[in-house]
Amino acid sequence: MRELKIKFIIKNIEEIEKSKALRIYGGFLALTHIVTWYFWFSAEGFQNILLDPLPICWSFMNKCQVYRGWSDTFWESVSYFYLGLSILVSFFFFFTPKVRVSYFLFLGITLFKFTLFLADYRLMGNYHYMPFIVSLFYLLILDKKNSIMGSLVVFYISAGLLKLDTEWLSGSALLENFFIGGEVLEWLLAYTIIFEVLVVSLSLSSSLLLFLFSFPQIIGFHALSWHIVGYFYPCMMFLLLMAFPLFRFKFNKNKLAFINDLNIKKASLISAGILLSIQILPRVLSPDLAVDSQGRLFTLNMLDARVQCEHFSYVVSDDGKSIVETSSERDDLGTRISCDPLVYLSEAQRLCLDSKVKKVPVYLVSKKSTHNDWKMVLNYKNYCDENKKVSWWGGL
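Residues numbered from 1 in each chain as written. Predicted model: local features only at pLDDT ≥ 70, side-chain atom pairs only at ≥ 80, totals over all residues. Heavy atoms only, no water.

Chemist: Please give an account of the state of the cysteines that cites residues and values.
Modeler: Within this structure, the stated rule accounts for three disulfides. At a sulfur-sulfur separation of 2.2 Å, the disulfide partner of Cys-309 is Cys-339. The disulfide joining Cys-309 to Cys-339 has a torsion of about -85° about its S-S bond and is therefore left-handed. Residue Cys-309 is found in strand 3 (residues 307–317), and its partner Cys-339 is found in the loop between strand 4 (323–325) and helix 15 (341–352); the two are separated by 30 residues along the sequence. When its relative accessible area of 9% is taken as the criterion, Cys-339 is described as buried. Put simply, Cys-352 and Cys-384 are joined by a disulfide, and their sulfur atoms are 2.0 Å apart. (Disulfide = S-S within 2.5 Å. Helix = DSSP H or I, 4+ residues; strand = E, 2+ residues; numbered from the N terminus. Buried < 20%, exposed > 50% of the residue type's maximum accessible area, 1.4 Å probe, protein only.)

Below, the structure is given as structure tokens:
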């Protein structure tokens, strides 16, 4: 078994060694870590989350308190180590032929970022989810070029399917007001769905004209999104999207030639199919996915709907007399997770670990901003005693 694992890793490394495009793309993936470092540590957003005495743990790791209590000096050292390692990996991919060293350095920095990522649920976001998936395919899936491009197309298709909702089509889901309004905006939002589900797929076409019709629109889409989502998301996507120009073109007799035959192998088809199934299955199981977040933990978390909610919870001590309301402790959360039931269940799980706590009732009602009917998402008379807990995959 060990020999098979070693041979598998060697095959992955050899595939990268044989392709200059893959080596360069590895450098761009390493650059995503430099951008992440700036996003996390330049404005001290990461440290501020860790300084919060009330952590929000992932459902599969409810003891994230272990990340708390470390000194500022420790986290400053972690910050510079992450930056230094990111620069080193980028350098090896871009400027040296040492692919094996680059491969294992990149594996190390990916695992290091994932370890930091587990510190708090507030670190979640598609701008981390997608690089993690692409990095996984880069490291472990043979037929890397096609599997990476396929995964990117799956992301867009999944995002487009999530937007098949009046919240998106009306513009209610947008974080910021767009510079265009009225019917023009509504048409643009409708076209966004067509663009993500259909037009992006043309980037895999054997026709150069169809590719040139598709890819510039993808770049323009993220350039326009800068105004709404800020710099981090578009920067990460621009780096991931370098796969298309690198993998769809090659130099042939000193001339740039378009590769029209992708020669897609079974590994790429299977990996893309599994990834698409992971994205679609929660939507099938829970038509009201934006409200109850059932099984959404390992899928894209798009701004497909703006959710409103009312949360109420309180703690009863072991003597049954002391009651502390905790409803307002999470008023500082951003739009994306402010009504996520996993946030409030994580809080309840943390409180239940306290031996002095006897009872933790938790209630959450939510609705989409354009809807009138409220839905009871959480209804626990005492979360500490009930057997129905949040599962590791995000199901309630």
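From this point on, the discussion continues.
Chemist: Give a description of the pattern of salt bridges that names residues and reports values.
Modeler: Working definition: two side chains of opposite charge can pair if their charged atoms are close together. Tallied over the entire structure, the rule returns five salt bridges. Asp-120 is paired through a salt bridge with Arg-68; the nearest N and O atoms lie 2.6 Å apart. Placement of the pair is Asp-120 in the loop between helix 5 (99–117) and helix 6 (126–140) and Arg-68 in the loop between helix 3 (45–51) and helix 4 (72–95), with a sequence separation of 52 residues. Just as Asp-120 is buried, Arg-68 falls in that class too. Among the salt bridges present, the one from Asp-165 reaches Lys-368, with a minimum N-O distance of 2.4 Å. Of this pair, Asp-165 sits in the loop between helix 7 (144–162) and helix 8 (166–170) while Lys-368 is found in strand 6 (residues 362–368), placing the two residues 203 residues apart along the sequence. (Salt bridge = Lys/Arg side-chain N within 4 Å of Asp/Glu carboxyl O.)

Chemist: Tell me about the side chain of Arg-248, residues and numbers included.
Modeler: Following the sequence through the fold, Arg-248 ends up in helix 12 (residues 243–248). Of the side chains with opposite charge, Asp-261 lies nearest to the buried Arg-248, which makes no salt bridge, at 8.3 Å. At 2.6 Å, the side chain of Arg-248 forms a polar contact with the backbone oxygen of Ile-259. Each residue touching Arg-248, except ones within four places of it in the same chain, is listed here: Met-149, Ser-203, Leu-204, Ser-205, Ser-206, Phe-211, Ala-243, Ala-257, Phe-258, Ile-259, Asn-260 and Leu-262. (Lys, Arg positive; Asp, Glu negative; His and termini not counted. Polar contact = N/O pair within 3.5 Å; in protein donor to acceptor, adjacent residues only side chain to side chain. Contact = heavy atoms within 4.5 Å.)

Chemist: Describe unusual backbone geometry, listing the residues and the values that go with them.
Modeler: Even without a glycine there, the phi angle at Asp-143 is positive, about 65°. By the secondary structure assignment, Asp-143 is in the loop between helix 6 and helix 7. Of note, Asn-263 is a non-glycine position whose phi angle comes to about 50°, a positive value. By secondary structure assignment, the location of Asn-263 is in the loop between strand 2 (255–258) and helix 13 (266–285). A relative accessible area of 49% means that Asn-263 is categorised as partly exposed.

Treat this as a map of the structure, not an account of what it does.
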